[in-house]
Structure formats: structure tokens, C-alpha cells
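# Structural overview
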Amino acid sequence: MADLLSLLFSFQPDSPDIKSKLDYDRQIRTYIDSVLRIPVPVYLKGADSAQDLLEILNPAVNTIAYCCALLARIQSCGEHPKTPKHIPDTFRPGGPLWRKLVEFLETFDPVQIRYIGQDWRRLLEYTDRVSRIMGSPGMAISAIRSAMLRLDPSTGTFTSNHLLFIRLCMEARSYPAALPILDNYIHSLPSNLPKPLLELEGSVPAADLPNSSEYISTRSGHSDKINLTDIHEYYLLGAMAYLGVAKYKQAQHFLEHILVTPAANIASGLMLEAFRKWILVSCLADGSLPSVPRTANPTAIKQMRAASKAYEALADAFQNMEIPKLRALADVGSHVWADDGNRGLVKELIDHQMRLFVSKLQRTFSAIPITTVAQMLVQPPEVTEKYLNSLISGGYLNASIEHVTSPNELVVLRFYQSISEGPLGKSEKQQHQELVEQTRQTIILADQAKAADYRLSLTKEYLEHLRRQSKKAATNLASGEAMDVSWDENVETEEDMMADLH
Amino acid sequence: MAPNIEQSPYFLARQNLGHVVVRDPPKFDLESYISNYEGRTRLDRLFLIGSTSTYLAVDALRMGVAEAKRGKDTDYYMKIVETLHEVLPDDPMGIPDLGWVDQTNRWVKQENDRLEHELKAYKNNLIKESIRMGNEDMGNFFYSIGNLSEAFKSYFRMREHCTSAKHLSGMTLRLVFISIAQRIWMGAQSHIVKVEAHSLKGEEKARLDPIVSACSGLAHMGLNAYRDAANAFLQTSPTYLTVEPATGIKFQKEVLTGNDVAVYGGLCALASMDRKELQEHVLANNNFRNFLELEPHIRRAISLFCSSKYSACLEVLEAYRTDYLLDVYLAPCLREIYAKIRSKAIVQYFIPFSCVTLDEMAKKFQMTGEGISIEDELIFMINSGILDAKIDLVERLLISPPINPRHAVHTAALTMAENYNHTLRLRLTRLNMLNAGLEVRSPKSSNQGDGQVGGESMLGGTLRRIGTGIGITS
């Protein structure tokens, strides 16, 4: 036991022996080798007693050992339970080992975990599995979210865990819980740089890497193999989560990520699904149908458009403020929307049209009696006043309701004239802050774009292209020389002819 | 003048169909008005007045019947007689002279046969000039009996037998003439371009140019392109008034008179030009001055507009609304032209103010008989982006909105940056996918189940899973 402990404690990340990141890298690799060689039963000795390894080890310092110990415990009671009765009480949410698991996921050392991606992912997936089987997906959300954020604060490198996480959020219907991850946009996919190249660069996972895709790679084990459907599903579910919290603009942006997928002139089912939702969501976000992102494959878009005529008809009616037509269309196509799972969106579209109508009034009027608005909406004035109040408090209208007493008693909806006034108005200071924040984001994004460009320049295809380019240049040069030679020969024969004549 | 003309079933029916019915007496005198015109346009004009103005209906239709009887167009004769009968059932002229109709129809048939026979003979002889003239005769004949489409075809057949530029331009001019008579403005326009393309020289050009520009203005106006129409009319040289008939057509009598040029040109210019342009291109235009002298009130309206007396200008125009509604070419687009002038006047009027009461606006601009309130008109103008203002319905004010350029620029910058960021992210996603070799392919090449769905069966499955499994949106 003492041997075991000394081995497990043999690596201390802040020990004075480690002078550089390279040292760290070397030491941790030998350490992992030896730890992984310890057989499972050794970990199980003294379980649930004072000698329990999980009590002795500190998850924030001895992350690797703790992770192995936890996995051993999980393995001992079956890593892939099928029904609730296969899960021992201790691992059920609320049980002591479950608490240990959650504690670990919230406190592990993010640098050490870069080296044992596969084991880390097993813990994550086990957490997910247990919560799902126990029928309380919500229990795992915060643990998985903090684990993801600890490993990669930007969560911008797409992993299979992203998908796991968003599925959990959707099943638990806790959309706001998903936002911290969703708001961090995906800037990279796990890199697949060849090993020799990494060694050449001399960068080790332990280094302070600005871009998380450098330590989350296809080989590091942090993510399962990723295919296009995973990415599409993530964006689609993410968009739906945004819809759940009524953030239409973000939802629209998420869906556009699916539309720009590279395609060999064909669209997939998920793309079609995204396209249909995109039409509706764009109406909600902008009040009109914007153009499809430029980089999308035109043939694929054309195919999807042909399959989404019903949705475009809805969007047309919405844009042109044809309220009765929109309602009629929504009724006629109700089975279409229901089949595609878009009934809620269509209903929202109808509700939103009235909102849009009222908010368009502010372009024309600066003040308008409630009775007039009520006439326009074909509603009694009291209902209208209530409705307008709800719009103002919901942040849809930059206006206030006033009660004027002279000359006659009148309730008035007054729009704020200047964009810097009113509850929705922004002061110059606020705007300045926003500008600064936007600049910061743009700079980060530019760096990420550069990183992506760099990765692209290391791909086989690009190198092949370069090679061909240089070859072409070489042959061009060579052919040029050949031409010169032939011309010289001609000159000589000409001279010969002259010589013959003489 | 029977007082019950206004209540006659004919006009009531027209009104129910949404056609224009003019009740006020016009300013012109029918006799002298119609004496300005010759040819078929007299019939057209009389019929329009007869079927629109309750005041002049009977007079115009009676003159129309007499006019039609002088010609050979029996269909038109029957139409006018019928209309007269409907308007005034017991008028003796409302009973068709069937004997004359029969006789004329017989004559028409004989004449048709004769001309066709002659043309056949010419064709056998293969003499180009004779064939051309034969076709021209046919065209003239069809025109006189009112068969405009056949006339057009006959004139068009002259084309391959034309031997000189003069013949060619003459033929094209005839085509223009027929197109205008048929109200086919697009066709008229394209033939006008052809006349111009023949690029005649010297005297011939000087003779045709005024006709061409007047007709081109008319065609543009027919197509509601008022700015082009105004430019064409303004270019028309005053020689148009005295120009001799081209290929036997007196354009200033049979199509539009100098007065018409002045009215059309002036109104189109008012509808499409701003004050500076009006001053430069219309009032200071020596060519057009000659026309404007014929219609002094148009000149007055334009100078009033230029000196910012908008209500006076609109008053002048309103006074002539009845006259213009009875004009063959102006009637279909008069409403639009007047509306344009009106909204321009309102915009110009509002520029120097930050705030005007609606009552004041109503006083200045409320004299149309169309019955829309000034509020509705202003709301429409603001919504369609013509007028930059806001309405306060409580205090009844029209307010010019405050502008905050600094704030606006900041907002614009923020929006732009957001869009830019989003676009960049989209590109990044795409680039990453390309880098990872992810691409949607047709199902054939990817049926190992790596999920790149394209087939119908998988599509359905995906939809169901998303629709029912998560079920957030339903």
C-alpha cells in the first residue's frame, strides 16, 4: 500500500524539479505509463474505508491517480449499465461516489487532464449514462459543463462531449443551462496534425497553448470520432435551445452554420431540417427573409428550397404583413408543421406578426391614442393596453404608456423619439463599451482564423498542391530553355543555307 | 341636356365597375376641342368623353355617331350608337342605321377583294415598288375600317420591299402610329427607336425629329415612365406645330396636338423633377416655351411649384382635373401623376419645418375630391419612405424626427462588426469542415453508415427523432 501511494504521489505538478514545460511533459508521461500499469484490483483495496484512495488523493493535484481510481471503481460495478438496477446506490445521483465523481469533474487539474483524454471522456460519458438511465438528465448538466469548461475555457474545439451535453440539456429542457457552452462559438475541430510535425514544433500539451485545438486532437482521446451528422446535430439542437429562450438571432446564426456545410451539390436531411427552421427563425429575427449565406452550396440550397415551398409561402405572408393569409396558411399546413416538428415555431410566427405590426408603428408615429391602436388590432382598448404593456416590459417596444387628462381623458402610447432615450435606448457610454467588447472579440476571432489557416496549410492536399505548383514552375522554366535552344538551331541552319549558296 | 343623365343606368353601371365617371363640366368647348383633331382619334376622343363625362355625354356621342357614319368603321359605329342608346334611350340617333351598315359592309368586302387581287397581281409581277404600295394601300384600308391589327400586319409586310431609307422610315413611322392607336406602348417605343436608328440626314431628319420625340414621350407616359416622358417632351422642337405630314399622317392632328405636348410634358415634369430641374429644364427651355405658351395654366402651375407655392399650384391642377380625365392618353395615368405631384409638394413643403400641425397640412393640401384624410395620406407616405417624419396623433402634429449622427454611426458600426464576425465564423466552420474532410455526399458513396444522410428513408428518421425525441418546438 505504501508503495502504491508513493508511486501515485510521485508526480507533483508544482514540484521544484520541474523547470520547464518540456520537463513536465517528460515526467508526466513516465508517470502515466507507470500508473496505467497498476491493475484494477489494487485500486479497489480499502474501498469505502478510511484507506480509500479517493479519500487520500486530492483531485485537484493528483488528478491522474484520482481519475484512475474512480474509473477502477466504476469498472468494478459495470461501466455500461442498462437499467437503473445495474447502478449501485453509491453511484446514483446523491450517492457518495456520485458526489466524488461530480467533485472531480469540477476540480480536476486542466493541464494534467490533457494527457489522459480517453479516461477523462470515460468519466464524462459514465456521468451522462447514469443520469440518463436514472431518468434525471438534468443532474449531470452542470458537472459535464464545468468539466468541459475546465478543460477548454473557450469550449471552441468541437468534441463529442458537446453533443452529449446539448442532448442532455434538451432532454432536461433546461435551455438556459446550455447557453454558457453555446455562446462560445466553435472555432476549431480536433486537429489531426501528423505526429512528426508536432515533435518538430516542440510544443507539448502542457504548454500554454492559446488555441484549445492544439491539445484536443483526434489522438488525444478527449473526443470520440466526429462526423458531419454530429456537427449538424449539435448546431440544430443548439438552435432549438436558443429558440427555447427566445434568442432568435443566435438561433438563426446557429442554423446558418449548417447551411454552409461543404456539399457535393446535395443536401442532407439535417440540412433540410435546418433550412426550414432557418426560414421561420429568420422571419422572427429580422422580420424578413435574408439571403442565404454566400458560401453555401447553391445547388444544395436550390434543392432544399424546392422542398420547402410551404415554408417560403409562410415567410412571404409574414413579410407582407398579410395577417389573415398567414393564419390561413398556418391552418392549412398544420400537418406539415407538425410532421417537421415546427408547429411551435409557426405559432410563434403568428404571435410575432402582431408584435412586428405594433413595433412598425413607431416608424410612423411618435404618439398614438390606444383607442386607435385597438382599432387597428381589432381588439377592445383594455386588452390592447395590457398587450402593449406586455410588449414594453418584454423589451419589444421602446415606448411608454401615458395617461393624458386634458383636454379629454386619453391613454396614449408614446414612442421615444431618439434612439438614445427610453428603456431600450443606449447611452453613448454603453455604446462605447459595446464597441470595445466587439473589437476584442474580433481580434480573438482573427487569431482563430489565422490558426485555422495555419492548420490548413499543413494538410497533405495543400502540400501536394504546393509541390505541383513548384513542379509546374520548374517545367515552365525548362520549356523556356528548350525553346531558346531550338531557336538557336534555326539560326544555325539558316547560316548553313547561306553558306551553301555561296 | 337631360338632367337625369347622371342617374342613367349606363353611368351607374360604369361606376359600380370602378370606372371613372366625371360629373363636373370641363373647361373646354367640345366643338372647338374636337376640331383640333382629325382622323380616327376624333372617334376615340368623342367616345371617351361620351362614356365618361355625364355633362357632355349626349353631345359627344351624337357627334360621334355622325363622325362614325362619315367613315367606314361599322363596328365602331354600332358601339357608339349602342352607348348613346343606353345613355339616352329615346334619342333618335340611338337607333342604328342598318341600311348604311349593310351597304358599307358590302363596300368593305368589295374593296378588300379588289385590293387583295391587285396585290396578288403585283406579287406575280415581282415589282418591289408596286408590292410595297399594294401593302401600303391594304394597310390604309384596314386602318380606315378599324382593323388595326391587320393594318399593322400589312404595314409590316412592306418591310422587305422597301428600297430606300425614306421608305423604311416611313413604314416604321406608320407602325408607330398604329401601335399608338392600339395603345401598345412597348411596341410603339421599339419602333420609335428604329426610326431613330435609320439616322436620316438633313431636312428629312429635321422633319421627323419632332414627331419622333413627341411620340416617344407619349409612349413613355403610357408606360408610366414619367421622367423619360418629360425628357422626351421637353426635347420636342417647336417645329412640331407646323411640320408637314409625314408619310401622309398629320401627327399634330391625328395623334397629339401642341397643346397636348405642353400639358403632358408639363405634368410629367412636375411629377418627376425637383424644383431646380423644373426651373432649368422646363421654364428656361426655349424650345418648350413655345408649347407652354399654348397652355398658360401649366406654365403657371410649374412656376408656382418652383416658388414654393404648393397649394396654389395644386389648386391650378385640380381646376383642370376634369379636362384631363377626358383626355384619351392622360386619363389612365392622371391619378398617378397627380398623386406624385402632390406627395412631392408635401415633402418639399415640410422640409423647412420641424413640426407642423395636421390641421395646417390639411388646410394647405386638402382639396382633392378623393376623400382620403390627410392623416392617412401622410401615414402612407411615411410608410413607403417618401416622407421622413413622424405623426403625433394626440397633439395632431407632424414632427421631423431628431437625428443623432454620432449614435447612428456607432450603431451602424456595431451592426457591421457583428455581421462581419458572424460571416467570419461561418467561414471558419466551413474551413474546419473542409480541413477535416467532412462533406455532404450523395448516399451512394457514403452508405457505410457514417451518417451523411441524403436518402429519403434516413431523412424521415432524422426528422422523427428530432421532432418527437426532443419535441421542444411542437
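Residues numbered from 1 in each chain as written. Chains lettered and ligands numbered in written order. Predicted model: local features only at pLDDT ≥ 70, side-chain atom pairs only at ≥ 80, totals over all residues. Heavy atoms only, no water.

## Some words on the overall build of chain B
What counts is decided by this rule: A run of DSSP states H or I qualifies as a helix once it reaches four residues; a run of E qualifies as a strand once it reaches two. Both are numbered from the N-terminal end. Exposed residues in this analysis have more than 50% of their type's maximum accessible area, buried residues have under 20%, and partly exposed residues fall in between, with area computed by a 1.4 Å probe over protein chains only. By definition in these notes, contact holds between two residues if any of their heavy atoms fall within 4.5 Å.
Along its length, chain B carries 24 helices and three strands. Taken across its 474 residues, chain B has 50% of its residues classed as buried. When contacts within chain B are restricted to residue pairs at least 6 apart in sequence, those whose partners lie at least 24 apart make up 62%.

## A few points about the overall build of chain A
Heads up, the rule is: Computed by Shrake-Rupley with a 1.4 Å probe, the accessible areas treat only the displayed protein chains as cover when residues are assessed.
Each helix and strand in chain A was counted, giving 24 helices and three strands. Across the 502 residues in chain A, those meeting the buried criterion constitute 47%. Long-range contacts, defined as pairs at least 24 residues apart, comprise 70% of the intrachain contacts of chain A with a sequence gap of at least 6. Total accessible area computed for chain A in this model is approximately 24400 Å², and 56% of it derives from carbon and sulfur atoms.

## Overview of the packing of helix H15 (residues 269–286) of chain A against helix H17 (residues 309–319) of chain A
Residue and element names in this part refer to chain A. The condition is simple: Axes, fitted as lines to C-alpha atoms, cover a helix only where it is in contact. Angles between the N-to-C directions of the axes lie from 0 to 180 degrees. Geometric relationships in this document are graded by angle, where less than 35 degrees denotes roughly parallel, more than 145 denotes roughly antiparallel, 65 to 115 denotes roughly perpendicular, and other angles denote oblique. Residue polarity follows a fixed list, in which Ala, Val, Leu, Ile, Met, Phe, Trp, Tyr, Cys and Pro are nonpolar, Asp, Glu, Lys and Arg are charged, and the others, Gly among them, are polar.
For the pair H15 and H17, the least separation of the axes is 9 Å and the interaxial angle reads 5°. As judged from the angle between their axes, H15 and H17 are roughly parallel. Residue-level inspection shows Arg276, Ile279, Leu280 and Cys283 of H15 in contact with H17, the latter providing Tyr311, Glu312, Leu314, Ala315 and Phe318. Looking at the contact of H15 with H17 residue by residue, the class counts come to seven nonpolar, no polar and two charged.

## A closer look at the pattern of salt bridges
Our working definition: One side-chain nitrogen of Lys or Arg within 4 Å of one carboxyl oxygen of Asp or Glu is enough to make a salt bridge.
By the definition in use, this model includes 39 salt bridges over all chains. When the shortest N-O distance is used, the salt bridge between Asp351 of chain A and Lys347 of chain A registers 3.9 Å. In this pair, Asp351 of chain A and Lys347 of chain A are both assigned in helix H20 (residues 343–364), four residues apart and thus about one turn of the helix distant. Since its relative accessible area comes to 35%, Asp351 of chain A is described here as partly exposed. Note that Arg227 of chain B is salt-bridged to Glu277 of chain B, the shortest N-O span being 2.4 Å. Within this pair, whereas Arg227 of chain B is found in helix H12 (residues 226–235), its partner Glu277 of chain B is found in helix H15 (residues 275–283), the two being separated by 50 residues in sequence.

## Concerning a nonpolar patch on the surface
Rules: Think of a patch as exposed residues, more than 30% relative accessible area, with no salt bridge, where like charges cluster within 9 Å and nonpolar side chains (Val, Leu, Ile, Met, Phe, Trp, Tyr) cluster within 5 Å.
Among the surface-exposed residues, Tyr462, Leu463 and Leu466 of chain A lie close enough to one another that they form a single nonpolar patch of about 260 Å² accessible area. Note on placement: Tyr462 of chain A falls in helix H24 (residues 460–501).

## As for the confidence of the model for chain A
For clarity, the cut-off: Along the chain, pLDDT gives the predictor's confidence residue by residue, from 0 to 100.
Residue-level pLDDT values for chain A average 82, and 90% of them are 70 or greater. Confidence drops under pLDDT 50 across residues 481–502 of chain A; counting only partners more than four residues distant or on other chains, this segment forms zero contacts.

## Re the sheet that holds strand S1 (residues 365–369) of chain A
Convention followed: Between any two strands, pairing holds if DSSP finds at least two bridges.
Pairing is mixed in the open sheet, where six strands are placed in the order S2(A)-S3(A)-S1(A)-S2(B)-S3(B)-S1(B). What marks the edges here is a single partner per strand, and that holds for strand S2 (399–404) of chain A together with strand S1 (355–357) of chain B. The sheet shows a mean angle of 25° between the axes of neighbouring strands, direction not considered. Pairing of S1 of chain B with strand S3 (residues 397–399) of chain B, which is carried by three bridges, proceeds in the antiparallel orientation.

## Re unusual backbone geometry
All names here are of chain A. Residue Arg173 is not a glycine yet carries a positive backbone phi of 55°. Within the element layout of this structure, Arg173 appears in the loop between helix H10 (160–172) and helix H11 (175–182). The phi dihedral of Asn265 falls on the positive side, at around 55°, and the residue is not glycine. Here Asn265 is to be found in the loop between helix H14 (248–259) and H15. Residue classification places Asn265 among the partly exposed positions, given a relative accessible area of 43%.

## Points about the packing of aromatic side chains
Residue and element names in this part refer to chain A. Threshold: Ring geometry is summarised as follows: Phe, Tyr and Trp rings, the Trp one being its six-membered ring, pair when their centres sit within 6.5 Å, and such pairs are stacked at plane angles under 30 degrees, edge-to-face over 60 and tilted between the two. Criterion for a charge above a ring: Lys NZ or Arg CZ within 6 Å of the ring centre, and within 35 degrees of the ring normal.
Counted under the stated rule, the structure contains 29 aromatic pairs over all chains. When the centroid spacing of 5.5 Å and the interplanar angle of 10° are considered together, the rings of Tyr66 and Phe104 count as stacked. You can see Tyr66 sitting in helix H5 (residues 63–76) and its partner Phe104 sitting in helix H6 (residues 96–107), a full 38 residues away along the chain. Side by side, Tyr66 and Phe104 carry an identical accessibility label, which is buried. Ring pairing ties together the aromatic residues Phe158, Tyr234, Tyr235, Tyr242 and Phe254, which thus form one cluster. In this structure, Arg114 is placed above the aromatic ring of Tyr215, and the distance from its NZ or CZ to the ring centre is 3.8 Å.

## Section: the interface of chain B and chain A
Cut-off, in case you're wondering: Accessible area, probed at 1.4 Å, shrinks when two parts are joined; the buried area is that loss added up over both. As used in this structure description, the phrase polar contact means that two N or O atoms lie within 3.5 Å; if the pair is within protein, one of them must be able to donate a hydrogen and the other to accept it, and residues adjacent in sequence are counted only when both atoms belong to side chains.
In this complex, chain B contributes 60 residues to the contact, which on the side of chain A involves 76 residues. Between chain B and chain A the total buried area reaches about 6100 Å² when both faces are included, carbon and sulfur atoms providing 64% of it. At the boundary of chain B and chain A, one finds 15 residue pairs in polar contact (both at pLDDT 80 or more). Residue assignment for the side of chain B that touches chain A shows that the elements contributing at least two residues are helix H22 (374–383), strand S2 (390–392), helix H23 (405–435) and helix H24 (456–470) of chain B. Ranked by residue count, the leading element in the side of chain B that touches chain A is H23 of chain B, at 23 residues. Among the residues forming the side of chain B that touches chain A, the class breakdown is 29 nonpolar, 19 polar and 12 charged.

## Considering the pairing of strand S3 (residues 410–415) of chain A
Two elements, S1 of chain A and S3 of chain A, share three bridges in a ladder whose sense is antiparallel. Bridging from a neighbouring strand, Ala367 of chain A pairs with Arg414 of chain A of S3 of chain A.

## Topic: the nonpolar core
Let me state the cut-off plainly: Each nonpolar core is a collection of buried residues, namely Ala, Val, Leu, Ile, Met, Phe, Trp, Tyr and Cys, held together in the definition by side-chain atoms within 4.5 Å.
Counting residues in each nonpolar core, the largest one holds 131 residues, and the members touching the most others are Leu218, Met221, Leu267 and Leu398 of chain B. Ranked by the residues each element gives to this core, the list is headed by helix H14 (residues 258–272) of chain B, at nine residues. In contact with Met221 of chain B, other than residues within four places in its own chain, are Tyr226, Ala229, Phe233, Tyr264, Cys268, Tyr329, Leu330 and Cys333 of chain B. One finds Tyr43, Ile64, Leu228 and Tyr248 of chain A within the second-largest nonpolar core, a separate group that totals 123 residues.

## Digging into the layout of surface pockets
Note the threshold: Space inside and on the surface of the protein is sampled on a 1 Å grid over the protein atoms alone, with a cavity defined as a set of points where a 1.4 Å probe fits but cannot get out and a pocket as an open set with protein on both sides within 12 Å along at least 5 of 7 lines; lining residues have an atom within 4 Å of a point. Grid points are joined across faces, edges and corners, and a volume is the space filled by probe spheres set on the points.
Looking at the largest pocket, its volume works out to about 2100 Å³. Broken down by secondary-structure element, the contributors of at least two residues to the lining of the largest pocket are H14, H15, H20 and helix H23 (428–457) of chain A together with H23 of chain B. Take the lining of the largest pocket: its biggest share by element is 10 residues, from H23 of chain B. Here the lining of the largest pocket is composed, by residue class, of 15 nonpolar, 24 polar and 11 charged.

## So, the UniProt feature "coiled-coil region" (unreviewed entry) in chain B
The line we're drawing: UniProt positions are given in the numbering used here, feature names are shortened, and annotations may be inferred rather than shown by experiment.
Per the UniProt record, "coiled-coil region" (unreviewed entry) is annotated on residues 105–132 of chain B. The distance from the first to the last C-alpha atom of residues 105–132 of chain B is 26 Å, and the span holds 93% helix and 0% strand.

## Description of helix H9 (residues 138–151) of chain A
Each α-helix turn comprises 3.6 residues. Residues three or four places apart therefore point the same way. This is how the line gets drawn: An expected span of 1.5 Å times one less than the residue number is assigned to each helix.
Taking 1.5 Å of rise per residue, the 14 residues of H9 of chain A would be expected to cover 20 Å, and the 21 Å separating its terminal C-alpha atoms lies within 8% of that figure. Here the buried face of H9 of chain A lies against H6, helix H7 (110–113), helix H8 (117–133), H10 and H11 of chain A.

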